[in-house]
Each structure stands twice: as C-alpha cells, then as structure tokens.
Amino acid sequence: MSPGFVPIYGAEVKFEVSCEASQHVVHGGRMSEIKSVVKRWEDMETDVLVKIFKELNMIELAPVSQVCRLWRSACSDPLLWNTLDLGLLKSNFIQTRASPYIWVDERSDRRLSKLLKLAMALSHGNITCLIFHFNLYMKDDHLSCIAGSCPHLKRLVMPAWNRITKNGICHAIRRWKELESLTMPSIAHPPYIMEEISRNCKNFSSLKIMGTFDVQFASTIASYLPNLKTLSLRCSIITKEALLFVLDCMDHLEVLNISHCLLLENLTTAGRKQIVKELDQTILKKSLRLNEFYHCMSSSCVTCQRMIRDEGLMRWYRYEEWFWRQDEVGSLAMGEDYGRLFDEGCLNLGFRN
C-alpha cells in the first residue's frame, strides 16, 4: 500500500497528514527542541473530508462511514446527497400481456431493496432529488422505503409506474410536502395523483409527462394544478384538443415544451391517427403569452424522425443511454453524465442486472 493512501474497495484516496516530528533550533547558542503538532484522522475538518468523499460512490462510502463519528457525519453531508441519480440501474424484466404488463426477477427486486436501504441509511434524509431509469420497476415496498427516508424530496424522476399501486404512490406523495417537480409516465386515471399533489405539495410547480397526453390529462392538470408553471410533454403523443385546452385554461403556465411530439387531430371513427404536420396560427398566437414555448416538428430532426418511426411511443431502449434524459427545459434536463454516487463502479460491485 502506498504511503499516505487508504484503500477503499479498490480505490485509493490520498490524505495529507502531519506526522509527529522533532526539530532542533539553535537560540543564543543553545539547542532547543520543538515538536510539530500531531494531526489525527478524527480531527480532520468536515469540509476536507466531504471533498475527499465526493470522489467515492455509495458502495465505497459504506465502509468509510463506519470508521468514526466524524467520518459518518461527513458521509451523510447534504453536498454528497443532494441528488441520487440511479439512472444506470435497470430491473431484470420481461414484458407480459396482463397487468402490470411486466414481470421482474426476484433477484432484481432484492438488489434494488438492498441498494435503497443502503442509500437511505447513508443519506440521513438529505436527498432532495431522486432519478430512476425508465426500465427500473419499483414496487410499493421500494417506494415506501424512499418516502419514509426522504422527507425533503423536491424533485422525483420516475418514468415507470407499472408495479406501483394507487395507494402506494398516494402514500408517498403525502410524505413529500416539499415536492416541486415530478417526471412521470402517462397513466390511465390521472385525477387521483394530481389531487394528492394538490393537497400535499403546496410548492409544486413543474411536471413532465412521458407518454400520451390527451384532453382528460389536460383537464385534470388544469383542475388540480392551476398554478403549474412548467409543463413538458417532450416526445409524447398529444392531441390538438389537449394542447389547446392547456393554452386556454392554464393561466399561470410560463413554460411549455412540446418538442418532438406526435401532434394528432382527434381520432377518427376508424381510429386512424391524423398527424398534424405543423402548428397552425391559432396555437402559435395562444402560445405568445408564455415566457418559453419549445416546439419542433422538423423532418430533418433526428429526434422527430425517431418519434415518427416509433409511432409516437418512443422505444427509448433503442437509442443512446442518455437520450431519454434530455429536455429543452433546462430545469428538467438531466444531461448525459450520471451521478457519482451510483456510477459504473457500483454496477461492477454487484448491482448489475
């Protein structure tokens, strides 16, 4: 082992510590001995420890947090845990024809439970942003673990709800009084979740829907979240009726993103999709009251091409791993870089499905 380094699960972290040493200084012909001050591990400043621990992922942090009380406190610092990005973690699943339309391997569930318990124990309630992959299928038990341990959650990115029940998500929302932003899939009956948010999350202002957005969804949002400021429907199927409803009825909306959406006229009696090729003047005129209005329906746009090829239901797994994380609205974009707390090193240490 190299001097000045401590090995932590294969990683080496350097600590500079003053060792006790003797120095001899001559004063007026007499030799005096001065001893340098000893710097002990447990006396290191918390800020220094936090900077060091930021280079570790949560698997590496776990044994470090057991060294002493000071290190345990540093391992739970809000600077480390503000965002927990689990965007690399996926469930091991197969699709089925019956509800919930997917089957998840029990080992995958156990790995997720183990990981969440570790993260919740280390973070000590300091997580304010949680990001999950669109192919990570949690159960109510997983969600309950999170809800009870993240009382200050402000942003939740959870694109898959297949296995989460109405009671499960409502119970979680009741615990998240500070929730401000939610990324969610399209669901069949949206009123229950919007009503729960309206009752419990007084600072809620930002919503992203990944899926189908019809007039029922639009009217639900307008009814229960009239003060919503930001709405992103990026890469979704939306009806012209729903879009007009949003522009007409959501007076407090400031930012709207319909980039790369498949905009449809009302379905015909035969159920055929009548795709709107470009926005008409009515829509453009109504959008002028918004501070920001993002739209793209270009045949030369790669994302629009993918949307059309997938018939409005984007097959995210076909494309770049970071593709689903993008958004024209800066506050909703997650970028291409994944969080340090859960990186490739965690997958290599036993959390790969």
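Up top you'll find the structure we're talking about.
Everything in this summary refers to the structure shown in the same document. Here the structure is a predicted model, which means the values were calculated and not measured.

1. Description of the packing of aromatic side chains
Ring pairs (aromatic) are described by centroid distance and by the angle formed between their planes.
Stage number 1. Under the counting rule described, the total for this entry stands at six aromatic pairs.
Stage number 2. Centroid distance Phe93 to Tyr137: 4.9 Å. Interplanar angle 65°. Geometry classified as edge-to-face. One end of the pair, Phe93, is in strand 6 (residues 93-95); the other, Tyr137, is in the loop between strand 8 (129-132) and helix 6 (140-149), and 44 residues separate them in sequence.
Stage number 3. A relative accessible area of 24% means that Phe93 is categorised as partly exposed.
Stage number 4. Where Trp316 meets Phe323, the ring centres are 5.4 Å apart and the plane angle is 50°; that geometry is what we call tilted.
Stage number 5. By the ring-pair criterion, three or more aromatic residues cluster together here, those being Trp316, Tyr319 and Phe323.
Stage number 6. It is Arg306 that lies over the ring of Phe323; its NZ or CZ is 4.6 Å from the centre.

2. Section: the layout of surface pockets
Stage number 1. The calculated volume of the largest pocket comes to roughly 1100 Å³.
Stage number 2. Contributing to the lining of the largest pocket are 31 residues, with Tyr137, Pro159, Asn162, Pro185 and Ser186 lying nearest its centre.
Stage number 3. Tallied by class, the residues present in the lining of the largest pocket amount to 20 nonpolar, 10 polar and one charged.
Stage number 4. Formed jointly, the lining of the largest pocket draws a minimum of three residues from each of two domains, domain 2 (87-179) and domain 3 (205-332).

3. What about the pairing of strand 11 (residues 206-210)?
Stage number 1. Most of strand 11 is tucked away, with five of its five residues classed as buried.
Stage number 2. Covered by surrounding structure in strand 11 are Ser206, Lys208 and Met210 together with Leu207 and Ile209, the residues of both alternating faces.
Stage number 3. By the bridge criterion, five bridges tie strand 10 (residues 181-185) to strand 11 in an arrangement that is parallel. Its bridge partner lying in strand 11, Thr183 is registered against Lys208.
Stage number 4. Handedness of the crossover is the feature at issue here: the chain leaves strand 10, passes through helix 8 (residues 191-200), returns alongside strand 11, and the resulting connection is right-handed.
Stage number 5. Summarising the sheet, strand 11 and strand 13 (residues 230-232) pair through three bridges and their orientation is parallel. Residue Lys208 lies in a different strand from strand 13, and its bridge partner there is Ser232.

Procedures and definitions
Residues numbered from 1 in each chain as written. Predicted model: local features only at pLDDT ≥ 70, side-chain atom pairs only at ≥ 80, totals over all residues. Heavy atoms only, no water. Phe/Tyr/Trp six-rings, centres within 6.5 Å; stacked < 30°, edge-to-face > 60°. Helix = DSSP H or I, 4+ residues; strand = E, 2+ residues; numbered from the N terminus. Buried < 20%, exposed > 50% of the residue type's maximum accessible area, 1.4 Å probe, protein only. Lys NZ or Arg CZ within 6 Å of the ring centre and 35° of its normal. 1 Å grid on protein atoms, 1.4 Å probe; cavity = no way out; pocket = protein on both sides within 12 Å on 5 of 7 lines; lining within 4 Å. Points joined across faces, edges and corners; volume = space filled by probe spheres on them. Nonpolar A, V, L, I, M, F, W, Y, C, P; charged D, E, K, R; others polar. Domains from an automatic or database assignment. Pairing = 2+ DSSP bridges. Right-handed = clockwise from strand over helix to strand, strands pointing away.

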